[in-house]
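Observations on the three-dimensional arrangement
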Amino acid sequence: MTKYIFITGGVVSSLGKGIAAASLGLILKSRGLKVVNQKFDPYLNIDPGTMNPYQHGEVFVTDDGAETDLDLGHYERFTDESLSQSSNTTAGRVYLSILNKEREGGFHGGTVQVIPNVTDEIRRRMLLSAQETGANVIITEIGGTVGDIESLPFIEAIRQIKYEVGVENCAYIHLTLLPYMKKAQELKSKPTQHSVKELQGLGIQPDIIMLRSEVPIDAATREKLALFCNVETDSIIQNLNAKSIYEVPLMMEKEGLGKAVCKALSIEDTPTHLEDWAQMVDRLYHPAKSVTIALVGKYVELRDAYLSVVESLLHGGIFSNAEVNIDWIDAETLCDEKTAAERLGQADGIIVPGGFGDRGIEGMIRAAQYARTHNVPYFGICLGMQIQVIEFARHVLGLKDANSTEMNKDTPAPVIDLMPDQNGVILGGTLRLGKYECALKAGSTAAAAYKAETIWERHRHRYEFNNAYRAQFEHSTLRLTGVNPERNLIEIVEQEGHPWMVGVQFHPEFKSRPNRPQPLFREFIKVAAAYAESAGTAAAGKGGASDSAERYRKGGTK
Ligand code: GLN
């Protein structure tokens, strides 16, 4: 029998509901249960795919090519389960399917209403993951805050589900804020009381209340909350600020979250196995060195836009025992070669992540050029790979105005272009999305990192390396080392004679885990850490850098 947990938020948004849900997933998985997390968002967009990164942060892509909310990234990183389209549903998607059915006569002339039609469709979708995966526990996070008008049908749906799946198979967790009034030196429980009352008014009695708090919650406050919110004192779980999100599951387990959930769902509370996770956090908290990575992008004011990339860099750091400092660089500020050199001079590695549109492109090209000519480790992801190709075409192959047709439709050298079968249909639905196979060239940097001949990585882009230029590149020092066999598309490029300059058309950041870094991120940080060491040694005038480190400092690719 599948058990269902629903997590709602109260008082304010941005409480870290996604991290709480992901942490609970890990806590239960570590008890030997098969857990699947999912998110239901009350907004009307069909999915976040077309939303501005400034509003919504990163779009997380699953194996099956769903463009989803960034919380799914947390779920995958914490629980190490691959999620799918059914793991993220929006109100827009629910309404779309109902309205399509209505147009097709699927309701046989009946009146179509929020209750029961919308709530039925929400419930149907909430139970899908269990059928698809056979999970023991499904954790569903409801986006937004209780009291929002738009989330009402979702709250009503989760109220009804309890009676559909059996009361003993369903638990509600409400996450709220417990503000601390410095002047009075007091934790204030009133907002939580009101939020719980609101939830009760909608027919839901939470089983567990999780409280974000800046200071530890004293016994008196716990008892007060328990009394006024109708829960047991053991089910009042404090959620203090953590130094790293990866410590949250350990803190939550210590607080008794797993125990309280097992009790609420009548699951036997078996011992947890979080030792590896704890070791990973310990490594994260005790780095032996540090490395600075320049992240050159166009959405740098909102760091959530690059969430998975940043996490993957940290994962590489955990592996190499290195603290990763990110130098956020707005690509537009790299306005000429001199500025680029000044701004990038301190970097031990340069990463150009994915992006759309032409803003900042020339700055990114300068960053790639600097990395290539100064032997600074470079990692290009999706757009960053296309940038690497354009830079090389312009400055090494002599194709002066080389570009992507995304940036300049009339470029005389479209080294990045749409595929012939895509021409004319560039709006909506034409992205290459999800998992694709890639064959690695023997002896390449990528093959060495993956220790494999064939890999599968996730994609989200529209433009491709233009095979019309393939012969020209094949006779150059930019090696084409990864190919999609099905459609003969170039997926990986590597700069020969450079310590580490790799560009990938896919998004490796979606598959990295804190205790299992994605191979390319792992190697990138390893090489950047060696570069940092050699740079440090050079700066201190001590000499004696290791052979490999020394190599990074010498010469550039002509
Ligand atoms: N804008 C580029 C394309 O559509 C790259 C996309 C990306 O970096 N995700 O191909």
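Just so we're clear, the structure is a prediction, and the values are computed from it rather than from any experiment.

**Topic: the packing of aromatic side chains**
Taken as a whole and judged by the stated rule, the model has 15 aromatic pairs. The interplanar angle of 40° and the centroid separation of 5.5 Å between the aromatic rings of F78 and W277 together place this pair among those described as tilted. Taken together, the residues F78 in helix 3 (residues 71-79) and W277 in helix 11 (residues 275-285) connect sequence positions 199 residues apart. Assessed through its relative accessible area of 2%, F78 is described here as buried. Taken together, the aromatic side chains of Y54, Y299, Y306 and W328 make up a single cluster linked through ring pairs. Here the basic side chain of K101 rests over the ring of F107, its NZ or CZ set 4.6 Å away from the ring centre.

**Description of the environment of Q131**
Relative to the assigned elements, Q131 resides in helix 5 (residues 114-133). For Q131, a relative accessible area of 62% translates into the label exposed. Note: C-alpha distance between Q131 and T2 (129 residues apart in sequence) is 9.3 Å.

**Topic: the pattern of salt bridges**
Side-chain pairs of opposite charge can arise whenever the charged atoms involved come near each other. Tallied over the full model, the rule gives 35 salt bridges. Linking R125 and E121 is a salt bridge whose minimum nitrogen-to-oxygen distance equals 2.8 Å. In this pair, R125 and E121 both sit in helix 5, four residues apart, roughly one turn of the helix. Since its relative accessible area comes to 13%, E121 is described here as buried. Salt-bridge contacts for R222 lead to E255; the nearest nitrogen and oxygen are separated by 3.7 Å. Of this pair, R222 sits in helix 8 (residues 219-229) while E255 sits in helix 9 (residues 248-255), placing them 33 residues apart in sequence. Judged by its relative accessible area of 18%, R222 falls in the buried class. Among the charged side chains, a salt-bridge network with shared partners connects D63, E76, D80, R458, R513 and R516.

**Quick look at helix 14 (residues 361-374)**
Here helix 14 is 14 residues long and its end C-alpha atoms lie 20 Å apart, about the 20 Å a rise of 1.5 Å per residue gives. Most of helix 14 is tucked away: 10 of the 14 residues are buried. Burial in helix 14 covers these residues: I361, G363, M364, I365, A367, A368, Q369, Y370, A371 and R372. Looking at the residues trailing helix 14, positive phi occurs at N375, about 55°.

Cut-off values and rules
Counting of residues starts from 1 at the beginning of each chain's written sequence and follows it residue by residue. It should be noted that, the model being predicted, local features are given only for residues of pLDDT at least 70 and side-chain atom pairs only at 80 or more, the latter also being counted only at that level, while totals for whole chains, interfaces and linings use all residues. The basis for every side-chain value is the complete set of non-hydrogen atoms in the structure, without hydrogens or water. Pairing of aromatic side chains requires ring centres within 6.5 Å, counting the rings of Phe and Tyr and the six-membered ring of Trp. Pairs whose planes differ by under 30 degrees are stacked, by over 60 edge-to-face, and all others tilted. Strands here are runs of E lasting at least two residues and helices are runs of H or I lasting at least four, both read from the DSSP assignment and numbered beginning at the N terminus. Partly exposed residues are those whose accessible area sits between 20% and 50% of the maximum for their type, while under 20% is buried and over 50% is exposed, using a 1.4 Å probe and protein chains only. Note on geometry: a ring has a charge over it if NZ (lysine) or CZ (arginine) is within 6 Å of the ring centre and within 35 degrees of the ring normal. Here, a salt bridge means any Lys or Arg side-chain nitrogen found within 4 Å of an Asp or Glu carboxyl oxygen. An expected span of 1.5 Å times one less than the residue number is assigned to each helix.

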